[in-house]
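Each chain, written out:
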Amino acid sequence: MNQPKVLVIQDISASCQISMNVALPILSSLNNSTSILPTALLSTHTGSGFEDYTFLDLTSEMEKILDHWRQLEILFDGVLIGYLGSHAQMNIVKRVVREFTSDDAIIVLDPVMGDHGELYTGFDDVYVKQMQELCQLSTVVIPNMTEAAYLTQTPYHNGPHTKQEIESLMEKMLERNQQQVILTGVMPNLHEIGAASSSYTDRQVKHAFSPIYPGHFDGTGDLFSSVVAGLLFQKATLETATETAVAYVEKVIQRTVANKLDPKFGVQFETDLPYLMEKAAHLRNE
Ligand code: PXL
């Protein structure tokens, strides 16, 4: 199989194992040829523990990059969209999907904007509305429970989540995107966490869970969507991509806990990349 040519649109949080810093090694390990369109350059992420972060908005540079790519007639087979730095970047992302993708390109949208029931710093209702529109242009949307609540205007509450609650949230998300959805941060009980996946055509909700490790692990959402995207670009099914991402994120969290790393800088994901490479080789029948 030819290597898919894929584009990652998200920020660079320079010192953290999150966003672009994890997406690129994961997509490369999964045999995708990567290009990047960075949305912002930050010293760290914007979450708890990093109040004085720097933030350089790259909106105007993104436009210039695309104008140049237009002349080169560059087209992508897959796009992974993560953290965007401003409202204005929504139109740029729509332009990418319209002008820079092949006919059967896979567009994976991680609608990064919140967690634990709250929007991240810098996001508001206008952004949520724009994100709802972007869902319609995406092949797969991967919201966490907070993002799904905002996108579907459903009240958020902490887990455990009932089966009925997940199915109803999934239905609402599928109405937004009309293709495929993976909900992350689904907690069936106090001991397990994972994801639910489904598609607009078959509406069967499939689950994949792993044990819960206490604490908050920054960047695991970015890690999850990178694995899913990398595998879908390699033509894995939604179910295989979801199960593999859940299993990989668990391995990585376990390692981060065992090595007593400060999780605000992100997780130790590199050591388990061979696991993903084996999965990709298996998909290629090697
Ligand atoms: O992990 C999501 C993320 C990505 N990029 C930036 C962030 C966050 C979450 O806080 O602040 C800059």
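Analysis parameters
Residues numbered from 1 in each chain as written. Predicted model: local features only at pLDDT ≥ 70, side-chain atom pairs only at ≥ 80, totals over all residues. Heavy atoms only, no water. Phe/Tyr/Trp six-rings, centres within 6.5 Å; stacked < 30°, edge-to-face > 60°. Lys NZ or Arg CZ within 6 Å of the ring centre and 35° of its normal. Helix = DSSP H or I, 4+ residues; strand = E, 2+ residues; numbered from the N terminus. Buried < 20%, exposed > 50% of the residue type's maximum accessible area, 1.4 Å probe, protein only. Contact = heavy atoms within 4.5 Å. Salt bridge = Lys/Arg side-chain N within 4 Å of Asp/Glu carboxyl O. Axes fitted to C-alpha atoms, helices over the stretch in contact; angles between N-to-C directions. Parallel < 35°, antiparallel > 145°, perpendicular 65-115°, else oblique. Left-handed = near helix turned anticlockwise from the far one by under 90°. Nonpolar A, V, L, I, M, F, W, Y, C, P; charged D, E, K, R; others polar.

S.K.: Is there a simple way to explain the packing of aromatic side chains in this structure?
M.R.: Between two aromatic rings, the relevant description is the distance of the centres plus the angle of the planes. A complete count under the given rule lists four aromatic pairs for this structure. Measuring from ring centre to ring centre gives 4.5 Å for Phe-123 and Tyr-127, while their planes differ by 65°; the resulting arrangement is edge-to-face. Grouping aromatic residues by their ring pairs yields a cluster made of Tyr-83, Phe-123 and Tyr-127. Above the face of the Tyr-275 ring, Lys-251 is positioned so that its terminal group lies 4.6 Å from the ring centre.

S.K.: Which parts of the structure should I look at to understand the environment of Lys-5?
M.R.: Among the structural elements, Lys-5 can be located in strand β1 (residues 5–13). Given a relative accessible area of 32%, Lys-5 falls into the partly exposed group. Taking the C-alpha atoms as reference points, Lys-5 and Lys-94, 89 residues apart in sequence, are found 18 Å from one another. Ignoring anything within four residues of it in the chain, the contact list for Lys-5 reads Ser-33, Ser-35, Ile-74, Leu-75, Phe-76, Asp-77 and Gly-78.

S.K.: Would you mind showing me how to read the pattern of salt bridges here?
M.R.: Here the idea is simple: oppositely charged side chains can pair when their charged atoms come close. Scanning all chains against the criterion turns up eleven salt bridges. Two residues, Arg-203 and Glu-175, come together in a salt bridge whose shortest N-O distance is 3.5 Å. Taken together, the residues span a long stretch of sequence, with Arg-203 in the loop between β10 (192–199) and β11 (206–211) and Glu-175 in helix α6 (residues 163–177) at a distance of 28 residues. Given a relative accessible area of 28%, Arg-203 falls into the partly exposed group. Sharing partners across several salt bridges, the network here consists of Asp-67, Arg-70, Arg-95 and Glu-99.

S.K.: So what exactly am I meant to see when it comes to the packing of helix α8 (residues 238–258) against helix α9 (residues 273–283) here?
M.R.: The relative placement of two packed helices is expressed as an angle between their axes plus a distance between the axes. Interaxial distance between α8 and α9 falls to 10 Å at its minimum, and their mutual angle equals 160°. Overall, the two elements α8 and α9 adopt an arrangement that is roughly antiparallel. Here the hand of the crossing between α8 and α9 comes out right-handed. Contacts between α8 and α9 involve Thr-244, Ala-247, Tyr-248 and Lys-251 from the first element and Leu-273, Tyr-275, Leu-276 and Lys-279 from the second. Split into classes, the residues belonging to the contact of α8 with α9 amount to five nonpolar, one polar and two charged.

S.K.: Honestly, the packing of helix α5 (residues 145–152) against α6 in this entry has me stumped. Any pointers?
M.R.: Two elements in contact, α5 and α6, have axes separated by 10 Å at closest approach and are oriented at 60°. As judged from the angle between their axes, α5 and α6 are oblique. For α5 against α6, the interelement crossing comes out left-handed. For the pair formed by α5 and α6, the contact residues are Met-145, Ala-148, Leu-151 and Thr-152 on the first element and Ile-166, Leu-169, Lys-172, Met-173 and Arg-176 on the second. Class assignment of the residues belonging to the contact of α5 with α6 gives a composition of six nonpolar, one polar and two charged.

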